[in-house]
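Observations on chain architecture
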Amino acid sequence: MQESLEAVFGRFQGRSEELIPILQQVQEHFGYLPKEALRAVADFTRVPESRVYAVATFYAQFRFRPIGRQHIMVCRGTACHVRGAPRILQELEKQLGIKEGETSADLEYSLETVACIGACGLSPCVMVNRQVQAKFTPQKAAQLVRRSDSAAASQTH
Amino acid sequence: MADLRLTIDGRQVVVAQGATILEAALDAGIYIPHLCHHPDLKPVGICRLCMVEVAGRGMTLACLAPAEDGMVVKTESQQIDKVRRVALELLLVNHPGDCLTCAKNNRCQLQRIAAYVGVSPQRFARLRRTEKTLPPDDSNPFFLFDPNQCVLCGICIRTCDEIVGANAIDFAFRGFQTMVSTLSGRWVESSCVSCGECVVRCPVAALVPKRYQQPQHEVQTVCPYCGVGCTIYVGIRGGRIVAVGGDRQSPVNQGRLCVKGRFGHDFVHHPDRLTTPLVRRDGQLVPVAWDEALELVARQFDQYRGDAFAAMSSARCTNEENYLMQKLVRAVLGTNNIDHCARLCHSPSVAGLARTLGSGAMTNTIQDIAQSRCIFAIGTNTTAAHPVLALKVVEAVRRGAKLIVANPKHIDLDRHATLRLQHQPGSDVALLMGMARVIAEERLYDAEFIARRTVDFDAFRASLERFPLEFVEQATGVPRQHIVEAARMFANHKPASILYAMGITQHTHGTDNVLAISNLALLTGNLGIPGGGINPLRGQGNVQGACDMGALPNVLPGYQRVDDPQIRSKFEAVWGCTLPPGPGLALTEMFDAMLRGQIKAVYLMGENPLLSEADAQHAERALRQLDFLVVQDIFLTETARLAHVVLPAASSAEKDGTFTNTERRVQRVRKAVDPPGEAKPDWWIICQIAQRLGASGFSFSHPQEIMSEIASLTPIYGGMAYQRLEPQGLQWPCPSMDHPGTPILHTQRFATPDGKARFVPLDYKPPAELPDDEYPLLLTTDRSLYQYHTGTMTRRVEGLEVLDGQERLCINPHDAAAMQLADGQQVIVRSRRGRVMVRVKVTSSCQPGVVSLTFHFAETPTNVLTHAALDPVAKIPETKVCAVRIEPLDGPPQPGLHQQITDTTSCAGR
């Protein structure tokens, strides 16, 4: 972890106003903000660790637990909502065995909802690892889970 | 500035400039509901409860609005009531209504406001109450955090930031989820220092002590721990201490306490307390009656009068007790072989500063530190060893002072530092003289002060030639530009204060280190002025007093030399005896004298040399060789286990007397509870022994009478009397009963014969033992915030053991990687003198090549490793530097190992 952090810190000067960009890059690297990394950021920027945490928890973009390899975001914008987002979310929760905001124990899936992806014309939408899946359905939800499970299985074999 | 006159609710109120409307009202006894206001903190106006109406201006927050002359303020109106009620109801919506069973019942600010504003049951029932079920955090052993009780006033957060400087907590998350949180959520895993300052300020039950009982009555006394000497109120109920709080009126601590001072008093009632005298029979210590024990002690002492006798006095005992101890040793037993633990901490300060300034004590006050414009903290881990004094450093920095921290380790104070110098252990003279050289070369010194108040400047200046910056850089490992920067910062910000502690003194060149500090302060004219000074931070609670009382081999009370016949005859006349003329042996010399058979009997009071002495095995061998060893203590310490007679003493909570803190303030210690069993105050025990030895002058019925005798013989204590020490104590020198005491030393003249301070030319001497191929690492020693000295008291406080109950060898990540050591791994640390087993803590707080240990833990007796090489002047051992090597241990710990090292570990961890 030390080396990765030093690589990130190398791009900054350690000023307190750099806190948010530093946090973004640390999350970019680890997928989330590990506690030890937050302490290191506090040391580097000379911002108290509690304040680093206060800033990080204020913004929805920062996470404090590892993210799944499949990061699924279900859009709950108005257009997606009226075209069945709640059922999609329900089906994904059922298929994955986790609730919204959770990550599966094997770190394969994270399930989140977002207010709007900005692709209302393609609603209902789901985003998987930054790829928008248009005109999503509960059936596709089941397929998505099976597909990536078999992909993972073939990788390990 | 003129006072302000304003009208509040038709009453004329007068306040000082700068007060807010709320302060003006509260001062005048007019209650305005408020929740987020605290007199120690800056106002923030977040609770919206203190709304008032100002004529011509309308509604305003009383806590934020400055009072103005002629202002007309109303605290009651329909509109105010409406606003206040909404603010209150929004809080009540989120607050459990379990007042009767709440820990804060009757002491809760929210309860008080609800009672004042008045909430009808109908209205309360109609509130859409939220169900908050956030998990409370009970990770801290001393207090509980329940976010469900929290009203988000932020007082705890601001206390931790503005007063403590630990910044462990802040508002985390947002909106409805907003809560007070540490980085991890668990308080013990954060930078929280468990001082409880937030707990005492919390207006509701969000932060409460885990164990709390309302005391029946309170007694004002002095904290038993470090030399800061915080004034405390001990709350008593049923003959037991149930709560401890700081004295807000105290000039020492203004009510603030550290974790030990607030929560570390359980040892007083610990079942391990000695309750009866013990005498060794057939190898076993068996309980006997006082008479028998005292008779035996007197009979034995009688046989060893003269230089075959030695006493070790105690910095945890009162002035009166230390005075009696040295009187017994000198007047009755006829030897000057008396010393105490100051030998191991600040003997170089006493020797060094007495030489240059004429007086070896802290020159300024604790409060003064906050007025400094530059603080140079060298060889002091202030937040760990003198936590409440460190708050003044934090305060000064918040006021804009520069802070230079020089320490071989990366310490907590670094977070507040303007400039951080991580020098090699033992290179202090080079660093200080290097800074002096820059100041001299750049002519930043105070020429007027040097000419008027000092001598020997030219010789000193010439000696700076021996410290070219290339050399200083190489010796200290500090980059040259940092040395230059530090020198300029120190010289250009006056008043500048120097704080130092064991990092300076515990070296074979400890006295030189102190002299170098003295040179630097003289060079910049930083003596005799508020906010300046040389401030050696004394270690134990009454170590200053024990020195003042002459528990030293070369001086009588008040630093009056034993080798001065005039002084001796003054004491002889009062004591009715003939005093030995030559100085006795220093503590560190006594052990060799025991091994040589020269000292045969030792009287040891409140000391534990088996853990505190450098090269502890050597000390143990010496003590084992004695014909007769008496140990007087509150616990059966590692050393007491070797004794022939053990005498049970009263703790400082169980007797009257005085302590003198690090700023020379003599303060009253008051009896709060009875000693357990047959335990007796040390002064009583000493008097009994003296009387059984046939001595007169020991028939005291109260410590007050002893203080009268001290005052009559000790010029610097001449004006000390118990009634004068109420309520805040007096700072010596205080030569007469009408003298107000002396907060700052050397304001007009120095305490030297000619009134002038001395510069001292210096040379650089490396530490006595440096790493080599065989022992490649440098071991330095430090302290934990949560433990104290050899742990006899703190290790019997359960919560402190939870927070830090185990020794760790701190080692730099690079060294750990090179040796393939993992965090938590067991290793053997070996020096030329001994070895200990310990777990590794990998941390960048140590620089490469340097490892560190504390000496608090009996099961890891660090001082079997340390080097007993002595400073030639002060006779202090070099406990800050020795060479060690690390041998990894595979597999589980070997329990038998410590028995081979020393058999004292049978009582390890109590």
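Residues numbered from 1 in each chain as written. Chains lettered and ligands numbered in written order. Predicted model: local features only at pLDDT ≥ 70, side-chain atom pairs only at ≥ 80, totals over all residues. Heavy atoms only, no water.

**Remarks on the overall build of chain A**
A tally of helices and strands in chain A yields seven helices and four strands. Along chain A, helices and strands appear, N-terminal first, in the series α-α-α-α-β-α-α-β-β-β-α. Principal-axis analysis of the C-alpha atoms places the extent of chain A at approximately 50 × 40 × 25 Å. Scored against the burial criterion, the 157 residues of chain A give a buried share of 45%. Once local pairs closer than 6 in sequence are excluded, the contacts in chain A between residues at least 24 apart make up 61%. Summing over all exposed atoms, chain A offers an accessible surface of approximately 8700 Å²; the carbon and sulfur share of this is 50%. Distance from the positive charge centre (19 side chains) to the negative charge centre (16 side chains) of chain A: 9 Å. (Helix = DSSP H or I, 4+ residues; strand = E, 2+ residues; numbered from the N terminus. Buried < 20%, exposed > 50% of the residue type's maximum accessible area, 1.4 Å probe, protein only. Contact = heavy atoms within 4.5 Å. Areas by Shrake-Rupley, 256 points an atom, 1.4 Å probe, with all protein chains shown as cover. Lys, Arg positive; Asp, Glu negative; His and termini not counted. Charge placed at Lys NZ, Arg CZ, Asp CG, Glu CD.)

**Description of the overall build of chain B**
The helix and strand tally for chain B stands at 30 helices and 39 strands. Judged by the C-alpha coordinates and their principal axes, chain B covers about 90 × 70 × 70 Å. Looking at chain B as a whole, 64% of its 910 residues are labelled buried. Taking as baseline every contact in chain B between residues at least 6 positions apart, the subset at least 24 positions apart corresponds to 72%. Approximately 32300 Å² of chain B is accessible, and the part contributed by carbon and sulfur atoms is 50%. Separation of charge centres in chain B, based on 92 positive and 92 negative side chains, amounts to 4 Å.

**Considerations on the interface of chain A and chain B**
Interface size is commonly expressed as the accessible surface area that is lost when the partners come together. The interface is formed by 13 residues belonging to chain A together with 20 residues belonging to chain B. Both faces combined, the contact of chain A with chain B buries some 1500 Å², and carbon together with sulfur accounts for 49% of it. It is Glu49, Ser50 and Tyr53 of chain A in chain A that bury the most area against chain B; as a group they hold 35% of the surface buried on that side. Linking chain A to chain B there are three salt bridges. (Buried area = accessible area lost by both parts, 1.4 Å probe. Salt bridge = Lys/Arg side-chain N within 4 Å of Asp/Glu carboxyl O.)

**With respect to the domain arrangement of chain B**
Residues and elements named next belong to chain B. Per the domain assignment, the segments of chain B are domain 1 (4-127), domain 2 (143-269), domain 3 (278-345 + 542-731), domain 4 (347-536) and domain 5 (777-909). Each side of the interface is counted separately: domain 4 has 24 residues, and domain 5 has 25 residues. Carbon and sulfur atoms supply 54% of the area buried between domain 4 and domain 5, which totals about 1900 Å² over both sides. Of all residues in domain 4, the largest losses of buried area upon contact with domain 5 belong to Lys409, Gln506 and Thr508, amounting jointly to 36% of the total for that side. (Domains from an automatic or database assignment.)

**Looking at the domain arrangement of chain A**
Under the domain assignment, chain A is made up of domain 1 (2-58) and domain 2 (70-148). On a C-alpha basis, the centroid separation for the pair domain 1 of chain A and domain 2 of chain A is 30 Å.

**A few points about helix H2 (residues 19-30) of chain A**
Residues and elements named next belong to chain A. Between the first and last C-alpha of H2 there are 16 Å, a value that for 12 residues agrees with the 16 Å anticipated at 1.5 Å per step. Listed as buried for H2 are Leu19, Ile22, Leu23, Val26 and Gln27. Seen along its axis, H2 keeps its buried residues to an arc of 135°; they face one direction. Elements in contact with the buried residues of H2: helix H1 (2-9), helix H3 (35-45) and helix H4 (49-58). Two residues or fewer past H2, glycine 31 is found with a positive phi of approximately 85°. (Expected span 1.5 Å × (residues − 1). Arc of directions from axis to C-beta.)

**Brief notes about the packing of aromatic side chains**
Applying the stated criterion to the full structure yields 26 aromatic pairs over all chains. Note on tyrosine 559 of chain B and tryptophan 732 of chain B: the rings are 6.2 Å apart at their centroids and 45° apart in plane angle, and the pair reads as tilted. Note that tyrosine 559 of chain B is positioned in the loop between strand S23 (555-556) and strand S24 (560-561) and tryptophan 732 of chain B in the loop between strand S30 (730-731) and strand S31 (757-758), a separation of 173 residues in sequence. Judged by relative accessible area, which is 24%, tyrosine 559 of chain B ranks as partly exposed. You can call tryptophan 732 of chain B buried: its relative accessible area is 3%. Cluster of aromatic residues (ring-pair linked, three or more members): Phe301, Phe309, Tyr603 and Phe628 of chain B. Cation over ring: arginine 112 of chain B sits above tyrosine 31 of chain B, and NZ or CZ is 3.8 Å from the ring centre. Positioned over the ring face of phenylalanine 58 of chain A is arginine 174 of chain B, at 5.7 Å from the centre of the ring. (Phe/Tyr/Trp six-rings, centres within 6.5 Å; stacked < 30°, edge-to-face > 60°. Lys NZ or Arg CZ within 6 Å of the ring centre and 35° of its normal.)

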